[in-house]
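# Observations on chain architecture
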Amino acid sequence: MITTPNRTKALNAYQRDAILSAPPARLLTMLYDRLLLDLARAETAQTSEDWLTASENLLHAQDIIAELSGSLMPELWDGADQLLGIYNHAGSTLVQANIQRDRLLTQECIALLEPLRLAWHEAAALPMSAMPAAQGGSYSS
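What comes next is a walk through the structure.

Helix and strand counts for the protein chain stand at 5 helices and 0 strands. When the helices and strands of the protein chain are listed from N to C terminus, the series reads α-α-α-α-α. Relative to its full complement of 141 residues, the protein chain shows a buried share of 34%. Partitioning the intrachain contacts of the protein chain with sequence separation of at least 6 by distance along the chain shows that 60% fall at a separation of at least 24.

Set out below in structure tokens:
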């Protein structure tokens, strides 16, 4: 497929609008999907010793973890502190994975975060009426 500047602009606008109009649960799953994509790309790049690509993906993954951490709402969910601990661990592990060029540390983060991604996808698929009343049917990462 040939990509023209106008087509690229239209695609970028469509993607931006999809993100801006997405409900919170969808935004959360989109962040997790991209986080795990970045980690998979980083691992592949580390395996082939493409350190620039690995670093770019690890840095982007760290940005997503920072966004997830910043979006936690401890007043709505008593598990937020534990999840923050997981995010802090993953963030510092990714820093080390980048500095040390260590694929095993990247794999550790994938193993830690993939079950969370799946759990958030399952939660997002539930009808709002199935959400606990204490959470008011809202999601917090």
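By the secondary structure assignment, Asn98 is in helix H4 (residues 80-100). Relative accessible area serves as the criterion here: at 18%, Asn98 is assigned to the buried category. Setting aside chain neighbours within four positions, we find Asn98 in contact with Ser55, Leu58, Leu59 and Gln62.

In this section: the side chain of Asn57. With respect to the helices and strands, the residue Asn57 is situated in helix H3 (residues 51-70). Polar contacts involving the side chain of Asn57 include one to the main-chain carbonyl oxygen of Thr53, which spans 2.9 Å. Residues contacting Asn57, with those up to four places away along its chain left out, are Asp38, Arg41 and Ala42.

Every α-helix carries 3.6 residues per turn, so stepping three or four residues along brings you back to the same face. Between its first and last C-alpha, H3 extends 28 Å over 20 residues, near the 28 Å set by a 1.5 Å rise per residue. When H3 is considered as a whole, its buried residues turn out to be Ala54, Ser55, Asn57, Leu58, Ala61, Gln62, Ile64, Ile65, Leu68 and Ser69. Those residues of H3 that are buried lie in contact with helix H2 (24-47), H4 and helix H5 (103-125).

Each value, and the rule that gives it
Residues take numbers from 1 onward in each chain, read along the sequence in its written order. Thresholds applied to this predicted model are a pLDDT of at least 70 for local features of residues and 80 or more for the giving and counting of side-chain atom pairs; totals over whole chains, interfaces and linings are not thresholded and use all residues. Side-chain calculation: all heavy atoms of the structure are included, whereas hydrogens and water are not. In this text, helices come from DSSP runs of H or I with a minimum length of four residues, and strands from runs of E with a minimum of two, each type numbered from the N-terminal end. Here the term buried applies to any residue with accessible area under 20% of the maximum for its type, exposed to any over 50%, and partly exposed to those in between, with areas from a 1.4 Å probe on protein chains only. When checking whether two residues touch, look at their non-hydrogen atoms; a contact exists if any pair is within 4.5 Å. Under this definition, polar contacts are N or O atom pairs within 3.5 Å; protein pairs additionally need one hydrogen-donor-capable and one acceptor-capable atom, and for neighbouring residues in sequence, both atoms have to be side-chain atoms. The length a helix should cover is 1.5 Å for every residue beyond the first.

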